[in-house]
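Single-letter residue listing:
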Amino acid sequence: MNFHCAAVFYNTRKTAVAPLAQEVRNYLAQNGLTVRVITSLDELANAPTDLLVSMGGDGTMLCCARAAAPLNIPIFGINCGTLGFLAACEKTDFKTSLQQVLDGNCALNERFMLQVRLLTSDEKTQDFLAFNDCVLRAAEPRSFLTEAAFNGTSIPSYFGDGVIVSTPTGSTAYSLAAGGPIIEPEVDVLLVTPICPHTLNQRPLILPGNATLTLTPTFKQETGRALASIDGQINLSLPPGAKLEITRGPVRAKLLCPKERGFFSILNRKLNWGNR
């Protein structure tokens, strides 16, 4: 892979990252790239870009993935946050890792994304991309019923605090905390994890990646409302009678990563997976 035009995006809420973003910009420029520092991902489409450097935590990476995937721009993540599970390197060693990218000595991992379609009773639709997950929950803390359908056929409903539908990448996020399994990112599946189900016989469900899952929330009280949260960053209030249709997204996020920073080593280093 040869890169010519890069954009460096950083989380402006992390004020200490701004000087480091300039360092990254200067390093790339010294290596012959045309580089701009941006603070809004809307700027990505304003000029040719074949590399996006994300500087922040995992939340910043989620934003970058949703913005860059439709534009087919690969992302290199520098962890300037706490966990940095999705990042390609830590901020202390960005030069070594970036040089591997520029030398072509890195992996390009394509990640499954979700398309979340909100369908209202008046047949209006809105589509959203999700990199990690879509969470359906109540607007107020209460249990509710979620009717479900798999490829148009009804399946047993969920009753509890909500439902998480995640990508394999998102299996190590909220779904994992709710008792879901870890899924290797290249596996082509949807993961459905109930949140605090009010039964002992409901467990996480793995569906084929080409499945269509439809979720329809219902409440005993007429005032009950459901919320859909996309990657924990886009929050939608569902009007009465609305439902969610969740499928494999039409695009994939492309993540650049040094070859030695594989999925299982990150699981071990960041989440202590496999440690005794």
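For the structure, see preceding data.
In this report, the structure presented in the accompanying data block is examined. (Residues numbered from 1 in each chain as written. Predicted model: local features only at pLDDT ≥ 70, side-chain atom pairs only at ≥ 80, totals over all residues. Heavy atoms only, no water.)

## Remarks on the overall build of the protein chain
Operational definition: Secondary structure elements are defined from DSSP: runs of H or I of at least 4 residues count as helices, runs of E of at least 2 residues count as strands, and each element is numbered from the N terminus. Radius of gyration: over C-alpha atoms. The globule rule applied is 2.2 Å multiplied by the number of residues raised to the 0.38 power. Throughout, exposure labels follow a simple rule: accessible area from a 1.4 Å probe, protein chains only, divided by the maximum for the residue type, with under 20% read as buried, over 50% as exposed, and the rest as partly exposed. Residues are treated as being in contact if the distance between any of their heavy atoms lies within 4.5 Å. To be clear on the numbers: accessible area is Shrake-Rupley with a 1.4 Å probe, and residue cover counts the displayed protein chains and nothing else.
Tallying secondary structure elements over the protein chain gives five helices and 19 strands in all. In terms of C-alpha radius of gyration, the protein chain reaches 20 Å, essentially the compact-globule figure of 19 Å for 276 residues. For the protein chain, with 276 residues in total, the buried portion stands at 50%. Within the protein chain, counting contacts between residues at least 6 apart in sequence, those at least 24 apart form 67% of the total. For the protein chain, the exposed surface amounts to about 13100 Å²; the carbon and sulfur share of it is 49%.

## Examining the packing of aromatic side chains
What counts, and what does not: We call Phe, Tyr and Trp rings a pair once their centres come within 6.5 Å, taking the six-membered ring for Trp, and we label the pair stacked below 30 degrees between planes, edge-to-face above 60, and tilted otherwise.
Overall, the coordinates contain four aromatic pairs when judged by the stated rule. A centroid spacing of 5.2 Å and a plane angle of 70 degrees characterise the contact between F263 and F264, whose relative ring orientation is edge-to-face. Since its relative accessible area comes to 15%, F263 is described here as buried. Relative to W273, the ring of F264 has its centre 5.6 Å away and its plane inclined at 35 degrees; by these criteria the two rings are tilted. F264 sits in the partly exposed class, given a relative accessible area of 46%. Of the residues examined, W273 reaches a relative accessible area of 42% and is grouped as partly exposed. Three or more aromatic residues joined by ring pairs form one cluster here, namely F263, F264 and W273.

## Things to note about the side chain of D133
Our working definition: When charges are counted, neither His nor the chain ends are considered; positive counts come from Lys and Arg and negative counts from Asp and Glu. We count a salt bridge whenever a side-chain nitrogen from Lys or Arg sits within 4 Å of a carboxyl oxygen from Asp or Glu.
Position of D133 relative to the elements: it lies in strand β9 (residues 133–138). Buried charge without a partner: D133 forms no salt bridge, and the closest opposite charge is R66, 8.3 Å away. In this structure, D133 is in contact with L114, I164, V165, S166, A173, Y174, S229, I230, D231 and G232, ignoring residues within four places of it in sequence.

## Quick word on the pairing of strand β16 (residues 226–230)
Put simply, the rule reads: Two strands qualify as a pair provided that DSSP identifies no fewer than 2 bridges between them.
Burial analysis of β16 places five of its five residues in the buried class, the great majority of the element. Burial of β16 is two-sided: the residues A226, A228 and I230 facing one way and the residues L227 and S229 facing the other way are all buried. Pairing between β9 and β16: five bridges, direction antiparallel. Of the residues in β16, the one forming a bridge with A138 is A226. Linking two consecutive strands that pair antiparallel, namely β16 and strand β17 (residues 234–238), is a turn of three residues; a positive phi of about 55 degrees is found at D231 within it.

## Some thoughts on the sheet that holds strand β10 (residues 144–150)
Using the following cut-off: Helix axes use the C-alpha atoms of the stretch in contact, all axes being lines fitted to C-alpha atoms, and the angles between their N-to-C directions lie in the range 0 to 180 degrees.
Across the sheet, six strands lie side by side as β8-β7-β18-β15-β10-β11; this open sheet has antiparallel pairing. One side of each edge strand has no neighbouring strand; the edge strands of this open sheet are β8 (125–130) and β11 (153–160). Neighbour-to-neighbour, the strand axes of the sheet open up by a mean angle of 20 degrees, direction not taken into account. Sheet topology note: the strand β7 (residues 114–119)/strand β18 (residues 243–248) ladder contains six bridges and is antiparallel. Residue pairing across strands places R117 opposite E245, the latter belonging to β18.

## Some points on the layout of surface pockets
Our working rule: Buriedness of a pocket was judged along seven lines, with at least five required to meet protein on both sides within 12 Å; pockets are open sets of points on a 1 Å grid over the protein atoms alone, cavities are sets where a 1.4 Å probe fits but cannot get out, and lining residues have an atom within 4 Å of a point. Grid points are joined across faces, edges and corners, and a volume is the space filled by probe spheres set on the points. Just so you know the grouping, Ala, Val, Leu, Ile, Met, Phe, Trp, Tyr, Cys and Pro go in nonpolar, Asp, Glu, Lys and Arg go in charged, and all remaining residues, Gly too, go in polar.
Considered as a void within the structure, the largest pocket measures approximately 330 Å³ in volume. Lining the largest pocket are 25 residues, with N109, R111, C257, R261 and F263 sitting closest to its centre. Contributions of two or more residues to the lining of the largest pocket are made by β4 (75–79), β6 (106–111), β19 (253–258) and α5 (263–271). Counted by class, the lining of the largest pocket contains 16 nonpolar, four polar and five charged residues.

## Quick notes on a nonpolar patch on the surface
Operational definition: Patch membership is restricted to residues that have no salt bridge and whose relative accessible area is over 30%. Joining uses 9 Å for like charges and 5 Å for the nonpolar side chains Val, Leu, Ile, Met, Phe, Trp and Tyr.
Taken together, the side chains of I182, F264 and W273 define a hydrophobic patch exposed on the protein surface, amounting to about 300 Å² of accessible area. Mapping I182 onto the fold places it in the loop between α4 (174–177) and β13 (189–195). Looking at I182, the relative accessible area reads 35%, which means it is partly exposed.

## Looking at the sheet that holds strand β14 (residues 205–208)
Taking strand neighbours across the sheet as the criterion, the six strands line up as β14-β13-β12-β9-β16-β17 in an open arrangement whose pairing is antiparallel. Because the sheet does not close on itself, it has two edges, and the strands there are β14 and β17. Adjacent strand axes in the sheet meet at a mean angle of 20 degrees when their direction is disregarded.

## Observations concerning helix α1 (residues 17–30)
Residues spaced three or four apart along an α-helix point in a common direction, a consequence of the helix completing one turn every 3.6 residues. We count it as follows: What a helix should span is 1.5 Å times the count of its residues minus one. Arc definition: directions from the helix axis to the C-beta atoms.
Along its 14 residues, α1 runs 20 Å from first to last C-alpha, staying within 8% of the 20 Å computed at 1.5 Å per residue. Among all positions of α1, only V17, L20, A21, V24, Y27 and L28 are buried. In an axial view of α1, the angular spread of the buried residues amounts to 120 degrees, which keeps them on one side of the axis. Turned more than 90 degrees away from the buried face of α1 sit P19 and Q30, all of them exposed. A positive phi of about 95 degrees marks G32, the residue just after α1.

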